[in-house]
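Structure at a glance
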Amino acid sequence: MTTGVAKLRNVVGALVLLAVTVVSPLAMAQQPKSVDPTASAVSEQQLLQQFKTIQGRGSIPDTKSYTIEQPAGRDWRHFHEVTLRVIGGVAILGMLGLLVVFYLWRGMVRIESGRSGRTIVRFNAAERFVHWMTATSFVILALSGLNITFGRPLLLPLMSPAAFTAWSEWAKYAHNYLSFPFTLGVILIFLMWIAGNIPNRIDLEWLKRGGGMVGHDHPPAYRFNAGQKLIYWVVVLGGGAIAVSGYVLIFPFYGTAIETMQNASIIHGVVAMLFIAAMLGHIYIGTIGMEGAFEAMCRGTVDINWAREHHSLWLEEEGARRRTDSSQPQPTAAPGE
Ligand code: HEM
């Protein structure tokens, strides 16, 4: 009797082995019919290792929804909940820390020769409008995007679930709709300032001399110095990457498969964190980091001495241009405002 049972067990065992080795590749090819994700005898982990995905059956037309789990989905979730938070935390807090240390050590870069009281136009109204449209959209996109990554662990404990839901819903609408002025702004910035942002050998010299940020040096620069050119290309390339990946996410599965969606999400998240960190540096230098810089984008004019110290070659060019073009109004050299 015992040997009979043992024999039967061996036969069953052999059949199971046969089923696993021969039938499972077929089953993999025939999903979803072959998999019962609710079977108690198989663990989720076994299923994930054995099959590419766990799929069920459905009655709605969207067959994608029949996929219940797939290993790449778990990798993506881990990326979204752990890796991206680490990347974002290090990039954003690291940059903030660096800026605080730098400010405490260097303080504001002053106009060394003092204000002359005469100004020159640096950005016209159209340029300033495009800058502020892009910047405002960017800030709201950044805050609403950060809410997607960090809202749950950081904000939810501080507010009621209903309040968090309402805020997240508005933030998501803002994120979707402000993508349009942001993208338009990036395109216009690309076209508007490309001429002044092609790297040249003056940039090497500027970089070698640390941009004059350390000490009292004033390396020459045309309209945009190497630091500004770097920011320009971060905006154009980073903005381009974030817009393309963002639209893949906004319009899901329009010619894209789940893998493309996951990759778009990863690219979008990582570029966003680095972009935010870079923009913190830009905002710093445009406000408390350098005297006289903010007014360039606010009023559109800068003091002549500021221009001489930070963009001497541009000032010379402007002077020469105005001297040779008599139709041009003389430098908006106006009495100190
Ligand atoms: C054309 C512009 C943009 C479009 C179309 C766009 C679209 C999207 C979409 C559809 C999502 C996924 C939302 C969700 O999961 O419900 C997202 C997430 C996100 N976006 Fe944007 N976005 C744009 C620009 C930006 C900018 C400029 C930033 C910040 C600098 C940003 C930061 C983020 C962040 C941090 C996330 C969350 C990533 C994650 O946790 O996985 N986005 N965006």
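Preceding this section is the structure that the text describes.
These notes cover the structure that comes with them.

What to know about the overall build of the chain
Summing up its helical and strand segments, the chain has twelve helices and four strands in all. For the chain, the residues scored as buried account for 36% of the 337 residues in total. Intrachain contacts of the chain at a sequence separation of at least 6 include 72% that bridge at least 24 residues. With the model as given, the accessible surface of the chain reaches about 20,000 Å², and the carbon-plus-sulfur share is 69%.

Let's talk about the packing of aromatic side chains
Evaluated as defined, the whole model comprises 15 aromatic pairs. With a centroid separation of 5.5 Å and an interplanar angle of 55°, the aromatic rings of phenylalanine 123 and tryptophan 193 are classed as tilted. Pair noted here: phenylalanine 123 is in the loop between strand E3 (119–121) and helix H4 (125–155) and tryptophan 193 is in helix H6 (residues 179–193), with a separation of 70 residues, a long-range link. Looking at tryptophan 193, the relative accessible area reads 8%, which means it is buried.

Digging into the coordination of the iron atom of the ligand
In this structure, His175 (NE2) and His268 (NE2) serve as the protein donors to the iron atom of the ligand, at separations of 2.0 Å. Coordination at the iron atom of the ligand is octahedral: its six donor atoms span angles of 84 to 179° at the metal. Taken as a pair, histidine 175 in helix H5 (residues 161–177) and histidine 268 in helix H9 (residues 258–286) lie far apart in primary sequence, 93 residues in all.

Brief notes about unusual backbone geometry
Non-glycine residue phenylalanine 253 carries a positive phi angle of around 60°. The residue phenylalanine 253 is located in the loop between helix H8 (226–250) and H9 in this model.

A closer look at the environment of methionine 279
Mapped onto the secondary structure, methionine 279 falls in helix H9. Judged by its relative accessible area of 9%, methionine 279 is buried. Considered as a pair, methionine 279 and valine 139 are 140 residues apart in the sequence and their alpha carbons are 9.5 Å apart. For methionine 279, the residues in contact, after removing those within four places along its chain, are Phe138, Ile231, Val234 and Val235.

Description of the layout of surface pockets
By rolling a water-sized probe across the atoms, one finds the places where empty space is left. Size it by volume and the second largest pocket reaches roughly 1,100 Å³. In terms of lining residues, the second largest pocket is bounded by 44 residues, among which Trp76, Leu249, Met261, Ser265 and His268 are the most central. With ten residues, the single largest contributor to the lining of the second largest pocket is H9. Split by residue class, the lining of the second largest pocket holds 21 nonpolar, 18 polar and five charged.

Observations regarding the site of the ligand
Not every one of the 24 residues close to the ligand is listed here, only the nearest: His80, Thr149, Lys172, His175 and His268. In the model, an oxygen atom of the ligand is placed 2.8 Å from a nitrogen or oxygen of the histidine 80 side chain. The contact in question runs from an oxygen atom of the ligand to an N or O atom on the side chain of threonine 149, over 2.8 Å. One can see that the ligand is located within the second largest pocket. Those elements that provide at least two residues to the shell around the ligand are helix H3 (71–106), H4, H5, H6, H8 and H9. Ranked by residue count, the leading element in the shell around the ligand is H4, at seven residues. Split by residue class, the shell around the ligand holds 15 nonpolar, eight polar and one charged.

Observations regarding the packing of H5 against H6
Orientation of H5 relative to H6, taken along the N-to-C sense of each, is 30°, at an axis distance of 4 Å. Across from His175, Asn176 and Tyr177 in H5, the residues of H6 making contact are Ser179, Phe180 and Pro181. For the contact of H5 with H6, a count of residues per class yields three nonpolar, three polar and no charged.

Regarding the environment of tyrosine 103
With respect to the helices and strands, tyrosine 103 occurs in helix H3. Relative accessible area serves as the criterion here: at 34%, tyrosine 103 is assigned to the partly exposed category. Beyond its immediate chain neighbours, meaning those up to four positions away, tyrosine 103 contacts Met108, Tyr284 and Ile288.

A word on a nonpolar patch on the surface
Taken together, the side chains of Trp170, Tyr173, Tyr177, Phe180, Phe251 and Tyr254 present a nonpolar region at the surface, about 820 Å² in accessible area. The element contributing the most residues to the nonpolar patch is H5, with three residues. Within the fold, tyrosine 173 resides in helix H5. Given a relative accessible area of 42%, tyrosine 173 falls into the partly exposed group.

Description of the pattern of salt bridges
Across all of its chains, the model carries nine salt bridges by this definition. Across the pair glutamate 291 and arginine 110 runs a salt bridge whose closest N-O atoms are separated by 3.9 Å. A residue pair is termed long-range when its members are at least 10 positions apart, and glutamate 291 in the loop between H9 and helix H10 (294–298) and arginine 110 in the loop between H3 and E3 qualify at 181 residues. In this structure, glutamate 295 and arginine 115 form a salt bridge, with 2.9 Å as the shortest nitrogen-oxygen distance. Taken together, the residues span a long stretch of sequence, with glutamate 295 in helix H10 and arginine 115 in the loop between H3 and E3 at a distance of 180 residues. One network of salt bridges, in which partners are shared, links Arg110, Arg115, Glu291, Glu295 and Arg299.

Rules of the game
Residues numbered from 1 in each chain as written. Predicted model: local features only at pLDDT ≥ 70, side-chain atom pairs only at ≥ 80, totals over all residues. Heavy atoms only, no water. Helix = DSSP H or I, 4+ residues; strand = E, 2+ residues; numbered from the N terminus. Buried < 20%, exposed > 50% of the residue type's maximum accessible area, 1.4 Å probe, protein only. Contact = heavy atoms within 4.5 Å. Areas by Shrake-Rupley, 256 points an atom, 1.4 Å probe, with all protein chains shown as cover. Phe/Tyr/Trp six-rings, centres within 6.5 Å; stacked < 30°, edge-to-face > 60°. Donors = N, O, S within 2.8 Å, 3.2 Å for Na, K, Ca; no water. Tetrahedral: all angles 85-135°; square planar, octahedral: opposite > 155°, others 65-115°. 1 Å grid on protein atoms, 1.4 Å probe; cavity = no way out; pocket = protein on both sides within 12 Å on 5 of 7 lines; lining within 4 Å. Points joined across faces, edges and corners; volume = space filled by probe spheres on them. Nonpolar A, V, L, I, M, F, W, Y, C, P; charged D, E, K, R; others polar. Near = heavy atom within 4 Å. Polar contact = N/O pair within 3.5 Å; in protein donor to acceptor, adjacent residues only side chain to side chain. Sits in = over half its atoms within 2 Å of the grid points. Axes fitted to C-alpha atoms, helices over the stretch in contact; angles between N-to-C directions. Patch = residues over 30% accessible without salt bridge, like charges linked within 9 Å, V, L, I, M, F, W, Y side chains within 5 Å. Salt bridge = Lys/Arg side-chain N within 4 Å of Asp/Glu carboxyl O.

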